[in-house]
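The lines below spell out each chain.
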Amino acid sequence: MNKLIIFSAPSGSGKTTIVRHLLSLKKLNLAFSISATSRAPRGEEQHGKEYYFLSADEFKKRVQHNEFMEWEEVYTGCYYGTLKSEVERLWAKGKNVIFDIDVAGGLRLKQQYPEQTLAVFVEPPSLIALEERLRNRKTETEEKIQMRLNKAEQEMATAHQFDVIIKNDNLQQALQEAERIVTDFINR
């Protein structure tokens, strides 16, 4: 059975670092699910690499045609989602699919595919540490940082709905724990 491995967390918790580490481990046979979005590309982002960039109209049309496993209007007029065709493409290659996805989307995927999904929540050491990480990135406006922190509180309240919580207060330990958990799940 093809597996789905979801990593969700508040922005700045380290989930992307963990997912990249797991993708580098050939023994896990993982492939990354590229999400679709209606937002414009940033910087060097390319269609089909970081995201599938769709217009808002195209995104909504695909929603109407039931082409998404899950989707969400994250901000007004800005949609993100997982195309069924993307997961089917990776499964056809015999891969286990790994997601770096927001909390709401991760929980929706888990509900739809409970038997073949491992949902992992990456928890920051604290909201104070999370704020420090977001500020150290130096990529966000003050308004964005506050918005992410407010959202983080709500997201952390859902952690108990995930199969596993990895507290990322020591990156090496978090990487080892993630590797062990995903290996066990794939070998089941």
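Note that this is a predicted model, so its numbers are computed, not measured.

1. Let's talk about the UniProt feature "binding site: ATP" (unreviewed entry) in the protein
Point 1. Sites flagged by UniProt as "binding site: ATP" (unreviewed entry) map to Ala9, Pro10, Ser11, Gly12, Ser13, Gly14, Lys15 and Thr16.
Point 2. With respect to the helices, strands and loops of the structure, Ala9 is situated in the loop between β1 (4–8) and α1 (15–23).
Point 3. Under the relative-accessibility criterion, Ala9 is labelled buried at 3%.
Point 4. Residues in contact with Ala9, not counting those within four places in the same chain, are Lys15, Ile101, Val103, Phe121, Val122 and Glu155.
Point 5. Locating Lys15 in the fold gives a position in helix α1.
Point 6. Other than its neighbours up to four places away in sequence, Lys15 contacts Phe7, Ser8, Ala9, Asp100, Ile101 and Val122.

2. What to know about helix α6 (residues 142–156)
Point 1. Taking 1.5 Å of rise per residue, the 15 residues of α6 would be expected to cover 21 Å, and the 21 Å separating its terminal C-alpha atoms lies within 8% of that figure.
Point 2. Taken as a whole, α6 has its buried residues at Ile145, Leu149, Ala152 and Glu155. For α6, the angular spread of the buried residues around the axis is 125 degrees, confining them to a single face. Seen from the open side of α6, the exposed residues pointing more than 90 degrees away from its buried face are Glu143 and Gln154.
Point 3. Buried-residue contacts for α6 involve α4 (103–112), β8 (117–123) and α5 (127–137).

3. Points about the packing of aromatic side chains
Point 1. In the structure shown here, the tally under the stated rule is six aromatic pairs.
Point 2. Centroid distance Phe59 to Tyr79: 5.3 Å. Interplanar angle 20 degrees. Geometry classified as stacked. Here Phe59, found in helix α2 (residues 56–64), pairs with Tyr79, found in strand β6 (residues 78–83); they are 20 residues apart in sequence, far enough to count as distant. Of the two residues examined, Phe59 and Tyr79, each falls in the buried class.
Point 3. Through successive ring pairs, a cluster of aromatic residues spans Phe59, Phe68, Trp71 and Tyr79.
Point 4. The ring of Phe185 carries the charged tip of Lys3 above its face, separated from the ring centre by 4.6 Å.

4. As for the sheet that holds strand β2 (residues 30–32)
Point 1. Spatial ordering of the open sheet is given by β2-β7-β1-β8-β9, a layout of five strands whose pairing is parallel. For this open sheet the edge positions go to β2 and β9 (164–167), each flanked by a neighbour on one side alone. Adjacent strand axes in the sheet meet at a mean angle of 25 degrees, parallel and antiparallel pairs treated alike.
Point 2. Pairing geometry for β1 and strand β7 (residues 96–100), over four bridges, is parallel.

Criteria and thresholds
- Residues numbered from 1 in each chain as written.
- Predicted model: local features only at pLDDT ≥ 70, side-chain atom pairs only at ≥ 80, totals over all residues.
- Heavy atoms only, no water.
- UniProt positions renumbered as here; feature names shortened; annotations may be inferred.
- Helix = DSSP H or I, 4+ residues; strand = E, 2+ residues; numbered from the N terminus.
- Buried < 20%, exposed > 50% of the residue type's maximum accessible area, 1.4 Å probe, protein only.
- Contact = heavy atoms within 4.5 Å.
- Expected span 1.5 Å × (residues − 1).
- Arc of directions from axis to C-beta.
- Phe/Tyr/Trp six-rings, centres within 6.5 Å; stacked < 30°, edge-to-face > 60°.
- Lys NZ or Arg CZ within 6 Å of the ring centre and 35° of its normal.
- Pairing = 2+ DSSP bridges.
- Axes fitted to C-alpha atoms, helices over the stretch in contact; angles between N-to-C directions.

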